[in-house]
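Letter by letter, the chains look like this.
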Amino acid sequence: MFVASVVDKQHVQQKYGERAYYAPAIAYDVLLQRVETELKGNHSVGVTIDDMMGATPKGNQYKDNLTQQHNRLKQHGSSLLKSIKFTCLQGRLRFVNSGVSHLVQVADIAAYNVYRQFVDHGDNWEKETERLAVYEYFDKIACKFRQSAEGRIQGYGIVKFPVMNKVRWTIVNE
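Here goes a summary of the coordinates provided. In this text the structure is predicted, and so the values were computed from the model without any measurement.

Analysis parameters
- Residues numbered from 1 in each chain as written.
- Predicted model: local features only at pLDDT ≥ 70, side-chain atom pairs only at ≥ 80, totals over all residues.
- Heavy atoms only, no water.
- Core = buried A, V, L, I, M, F, W, Y, C linked by side-chain atoms within 4.5 Å.
- Buried < 20%, exposed > 50% of the residue type's maximum accessible area, 1.4 Å probe, protein only.
- Helix = DSSP H or I, 4+ residues; strand = E, 2+ residues; numbered from the N terminus.
- Contact = heavy atoms within 4.5 Å.
- Polar contact = N/O pair within 3.5 Å; in protein donor to acceptor, adjacent residues only side chain to side chain.
- Lys, Arg positive; Asp, Glu negative; His and termini not counted.
- Salt bridge = Lys/Arg side-chain N within 4 Å of Asp/Glu carboxyl O.
- Expected span 1.5 Å × (residues − 1).
- Axes fitted to C-alpha atoms, helices over the stretch in contact; angles between N-to-C directions.
- Parallel < 35°, antiparallel > 145°, perpendicular 65-115°, else oblique.
- Left-handed = near helix turned anticlockwise from the far one by under 90°.
- Nonpolar A, V, L, I, M, F, W, Y, C, P; charged D, E, K, R; others polar.

## Re the nonpolar core
Ranked by size, the top nonpolar core spans 17 residues in total, and within it Val114, Phe118, Trp125, Phe138, Phe145, Ile153 and Ile158 carry the most contacts. Put simply, the parts of the chain that give this core at least two residues each are strand S1 (4-7), helix H4 (102-121) and helix H5 (136-141). The dominant element in this core, judged by the number of residues it contributes, is H4, at three residues. Once you skip the residues sitting within four places of it in the chain, phenylalanine 145 turns out to touch Phe2, Val3, Ala4, Val114, Phe138, Ile153, Gly157 and Ile158.

Shown next as structure tokens:
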């Protein structure tokens, strides 16, 4: 089962202005919200991320930022939805080279296809249309994303932040 998050930086600025959070922090928080909701406190999860290099424009190392956020979320819960505690998170954040991790490679493929979906058709995600236009390869894996009993993926397996207009996109098996 896949879960993904997409942060629309322009919509974040429009909706929250100067109070806006850092986009990667938003993405990680809303992603973990979906994991916590799926596991319902009955299971635990360890988080493994591609070993990344680099720094923010302010000079902060990406890995240090993510590790600090992971620890903060484990200790205090969601920064965005105060009612959510991340009881499912176990252990420390683990970084591995994607070249030696099949799971990270699969995550990279899923992430790329979600990225392309939103680059190519992102404006349609929150528009009422009969059928959502989809990136060809995203279409092939869409059924792998967490979904409601009715097949809805918006807000379940793929969450866009912020939601400006909730459209109940579902997977239709053809």
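## Brief notes about the side chain of glutamine 33
Within the secondary structure, glutamine 33 is located in helix H2 (residues 23-39). By relative accessible area, which is 4% here, glutamine 33 ends up buried. Within polar-contact distance, the side chain of glutamine 33 engages the side chain of aspartate 29 at 2.9 Å.

## Things to note about the side chain of glutamate 36
Note that glutamate 36 resides in helix H2. Despite its burial, glutamate 36 remains without a salt bridge, the nearest opposite charge being carried by lysine 40 at 10 Å. At 2.7 Å, the side chain of glutamate 36 and the side chain of threonine 87 are in polar contact. Setting aside residues no more than four positions away along its own chain, glutamate 36 makes contact with Gly41, Ile84, Lys85, Phe86, Thr87 and Cys88.

## Examining helix H1 (residues 9-16)
Between the side-chain oxygen of the N-cap and the backbone nitrogen of glutamine 10 there are 3.1 Å, and the N-cap of H1 in question is aspartate 8. Just past H1, the residue glycine 17 takes up positive phi, approximately 55°.

## Observations concerning the pattern of salt bridges
In this structure the tally under the stated criterion is four salt bridges. With a shortest N-O distance of 2.7 Å, arginine 146 and glutamate 38 are connected by a salt bridge. Placement of arginine 146 in the loop between H5 and strand S4 (158-161) and of glutamate 38 in helix H2 is noted, with a sequence separation of 108 residues between them. Among the residues examined, glutamate 38 registers a relative accessible area of 30% and is labelled partly exposed.

## With respect to H4
With 20 residues, H4 extends 28 Å between its outermost C-alpha atoms, agreeing within 8% with the 28 Å of an ideal straight helix rising 1.5 Å per residue. Every buried residue of H4 is accounted for by Val104, Ala110, Asn113, Val114, Gln117 and Phe118. Along its buried surface, H4 packs onto S1, strand S2 (48-50), strand S3 (94-96), H5 and S4.

## So, the packing of H2 against helix H3 (residues 62-76)
In the contact formed by H2 and H3, the axes pass within 11 Å of each other and the chain directions differ by 40°. Put simply, H2 runs oblique to H3. For the pair H2 and H3, the crossing hand works out as right-handed. Of the residues in H3, those touching H2 at Pro24, Ala25, Tyr28, Asp29 and Leu32 are Leu66, Gln69, His70 and Leu73. In terms of residue class, the contact of H2 with H3 is made up of six nonpolar, two polar and one charged.

What is shown is where atoms sit, not what they do.
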